[in-house]
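# Summary of structural features
In case you want the letters, here they are:
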Amino acid sequence: MRILIIEDDKEAASYLVKAFRETGHVADHAADGLDGYAMAEAGDYDVLVVDRMLPKLDGLSLIRSLREQKIETPVLILSALGQVDDRVKGLRAGGDDYLPKPYAFSELLARVEVLSRRRSSTPSAEPTVYRVADLELDRLSHRVTRSGHEIVLQPREFRLLEYLMKNANKVVTRTMLLEHVWDYHFDPQTNVIDVHVSRLRSKIDKGFDKPLIHTIRGAGYMVRVGSVEGEE
């Protein structure tokens, strides 16, 4: 999952980002309501975890603004205000779940997973299976096959292939991969992407007549059937 945490408490936010990443998810952080709104509006997130009491723009106003813009990303509200009336206000503002503080991360994770599953079951959600030619990736079972033969990938390789297949027939830049697969918002000036793409290509294309992973000179990478102009 790709999760946005909107929380002004630096220590709490740092803990959540670390915990979500350790469980295999991508977690971004915004420290105030305005930044959180901008990131939620522009980003492709599965779930938003929103603190109710935020500087610049409070959590409930943030959620109302997103809903007014027809942004239906599931929202879990975190708050020290845990009375029934508080929870009702949060849900009526457009929140999908409400978890009072203090909380156990295991419960938070379970609730976030439920929200993500609900979203994936809606007709407008992203497909759970990506297919390009004879290559198939199942996002739910984390199973990859080509021509019916199962291909075993490491977690990072799976996320890399998933993002490339999600954007099939489009050029995916290094910056896009760093942000969406590695969760970097800077260039580490290493060849980490080249190494992983090379490993992935050896598993996906080796032994098959038609390569599907293409390197586009000076631009990035692309998954598609057939040759690509500018391909190295």
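Residues numbered from 1 in each chain as written. Predicted model: local features only at pLDDT ≥ 70, side-chain atom pairs only at ≥ 80, totals over all residues. Heavy atoms only, no water.

Contact geometry of helix α2 (residues 33-42) with helix α3 (residues 59-68) gives a least axis separation of 10 Å together with a crossing angle of 25°. Taken together, the axes of α2 and α3 are roughly parallel relative to one another. Crossing geometry of α2 relative to α3 is assigned as right-handed. Residue-level contacts link Gly-33, Gly-36, Tyr-37, Ala-40 and Glu-41 of α2 to Leu-62, Ser-65 and Leu-66 of α3. Per-class residue counts for the contact of α2 with α3 are four nonpolar, three polar and one charged. (Axes fitted to C-alpha atoms, helices over the stretch in contact; angles between N-to-C directions. Helix = DSSP H or I, 4+ residues; strand = E, 2+ residues; numbered from the N terminus. Parallel < 35°, antiparallel > 145°, perpendicular 65-115°, else oblique. Left-handed = near helix turned anticlockwise from the far one by under 90°. Contact = heavy atoms within 4.5 Å. Nonpolar A, V, L, I, M, F, W, Y, C, P; charged D, E, K, R; others polar.)

Residue Pro-102 is reached from Lys-101 by a cis peptide bond, and omega for that bond is -5°. Relative to the elements of secondary structure, Pro-102 occurs in the loop between β5 (97-100) and α5 (105-120). The phi dihedral of His-142 falls on the positive side, at around 55°, and the residue is not glycine. Position of His-142 relative to the elements: it lies in the loop between β7 (135-138) and β8 (143-146).

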